[in-house]
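# Fold and contact review
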Amino acid sequence: MMSLRPLCVGVAALWLGGCQWLPEQPYGNPRSPVPAVSLSCFAEVPTFDDDACLLPDWVAFGLASQRGDRAWRDSMLERLAGPRPEKRLARAVAMGWGSESEWDRASELYKADLHAAPAELQPLLRYWLNELEGRRAMADRLASTNEEVAALEAENAELAEKLEALTAIEQNINLRQQSP
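Attention here is on the structure that accompanies the text. (Residues numbered from 1 in each chain as written. Predicted model: local features only at pLDDT ≥ 70, side-chain atom pairs only at ≥ 80, totals over all residues. Heavy atoms only, no water.)

Before going further, it helps to spend a moment on the overall build of the chain. When helices and strands are tallied, the chain shows six helices and zero strands. Listing each helix as α and each strand as β along the chain from the N terminus yields α-α-α-α-α-α. When contacts within the chain are restricted to residue pairs at least 6 apart in sequence, long-range pairs at least 24 apart make up 53% of them. Surface summary for the chain: the accessible area is close to 13,200 Å², and the carbon and sulfur share equals 60%. (Helix = DSSP H or I, 4+ residues; strand = E, 2+ residues; numbered from the N terminus. Contact = heavy atoms within 4.5 Å. Areas by Shrake-Rupley, 256 points an atom, 1.4 Å probe, with all protein chains shown as cover.)

Printed below as a string of structure tokens:
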């Protein structure tokens, strides 16, 4: 037990000493410093103009689209009318979180204008497109499964009717055989 006392004293001294013994920089050399996000970022409608706010603006818009209701989405789609690629991509983001009927149009817009986005924004837009395509595929599978279930239920009902008819015939035959 005596050999643990110096170890405990050393650990207690380090713990009480605080963080001044830790290095200020993380171990290793970071490749690039993390840029500070300006307070002017997070525009309501994202653009391709401001390089410093490009990703924060588009991420904030994507989150707003995901959380927005039908009224917000309709209002935003009106504001985003126009042929410019940044407006078309913003419409794709907004429609991507809308109803299933809007998903096809959103996918078309992503695919048509993704190449026009700045290079640093393209991975995010591609991720959103892939996520949208995944939801579309799941919705298609669900619709297909629902059709299969409906067909199986109809077949089951038809077979149940045939079974009832066969049961009635069997009962009729049994009654005839029992009668003298």
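The subject of this paragraph is a negative patch on the surface. Among the surface-exposed residues, Asp49, Asp50, Asp51 and Glu120 lie close enough to one another that they form a single negatively charged patch. The topology assignment puts Asp49 in the loop between α1 (4-17) and α2 (54-67). With relative accessibility at 61%, the residue Asp49 sits in the exposed group. (Patch = residues over 30% accessible without salt bridge, like charges linked within 9 Å, V, L, I, M, F, W, Y side chains within 5 Å. Salt bridge = Lys/Arg side-chain N within 4 Å of Asp/Glu carboxyl O. Lys, Arg positive; Asp, Glu negative; His and termini not counted. Charge placed at Lys NZ, Arg CZ, Asp CG, Glu CD. Buried < 20%, exposed > 50% of the residue type's maximum accessible area, 1.4 Å probe, protein only.)

Moving on, we get to the side chain of Arg135. Here Arg135 shows up in helix α6 (residues 122-178). Residues in contact with Arg135, not counting those within four places in the same chain, are Gly96, Trp97 and Trp103.

Now for the environment of Glu133. Take Glu133: it is sitting in helix α6. The class for Glu133 is partly exposed, based on a relative accessible area of 25%. Considered as a pair, Glu133 and Gly96 are 37 residues apart in the sequence and their alpha carbons are 9.6 Å apart. In this structure Glu133 touches Ser107 and Lys111, once residues within four positions along its chain are discounted. Within the structure, the side chain of Glu133 is placed 2.3 Å from the side chain of Ser107, a separation counted as a polar contact. Engagement of the side chain of Glu133 in a polar contact is seen with the side chain of Arg136, the distance being 3.1 Å. (Polar contact = N/O pair within 3.5 Å; in protein donor to acceptor, adjacent residues only side chain to side chain.)

As a further point, take the packing of helix α4 (residues 85-96) against α6. In helix packing, the relevant descriptors are the interaxial angle and the interaxial distance, both defined with respect to the helix axes. Packing of α4 against α6 leaves a shortest axis separation of 11 Å and a crossing angle of 35°. The two elements α4 and α6 meet at a crossing, and its hand is left-handed. Of the residues in α6, those in contact with Leu89, Val93 and Gly96 of α4 are Leu125, Trp128, Leu132 and Arg135. (Axes fitted to C-alpha atoms, helices over the stretch in contact; angles between N-to-C directions. Left-handed = near helix turned anticlockwise from the far one by under 90°.)

Mapped onto the elements of the fold, Gln122 is located in helix α6. A polar atom in the side chain of Gln122 sits 2.9 Å from the backbone oxygen of Ala117. Look past the residues within four positions of Gln122 in its chain and what remains in contact with it is Leu114, His115 and Ala117.

A separate point is the packing of aromatic side chains. Applying the stated rule across the entire model yields two aromatic pairs. Between the NZ or CZ atom of Arg135 and the centre of the ring of Trp103, over which it lies, the distance is 4.9 Å. (Phe/Tyr/Trp six-rings, centres within 6.5 Å; stacked < 30°, edge-to-face > 60°. Lys NZ or Arg CZ within 6 Å of the ring centre and 35° of its normal.)

The next thing to look at is α4. The end-to-end C-alpha distance of α4 is 16 Å, a good match for the 16 Å that 12 residues give at a rise of 1.5 Å each. Where burial is concerned, most of α4 is hidden: 10 out of the 12 residues are buried. Residues of α4 that are buried include every one of Glu86, Arg88, Leu89, Ala90, Arg91, Ala92, Val93, Ala94, Met95 and Gly96, and no others. Residues of α4 that are buried in the fold lie against α2, α3 (70-79), α5 (100-113) and α6. (Expected span 1.5 Å × (residues − 1).)

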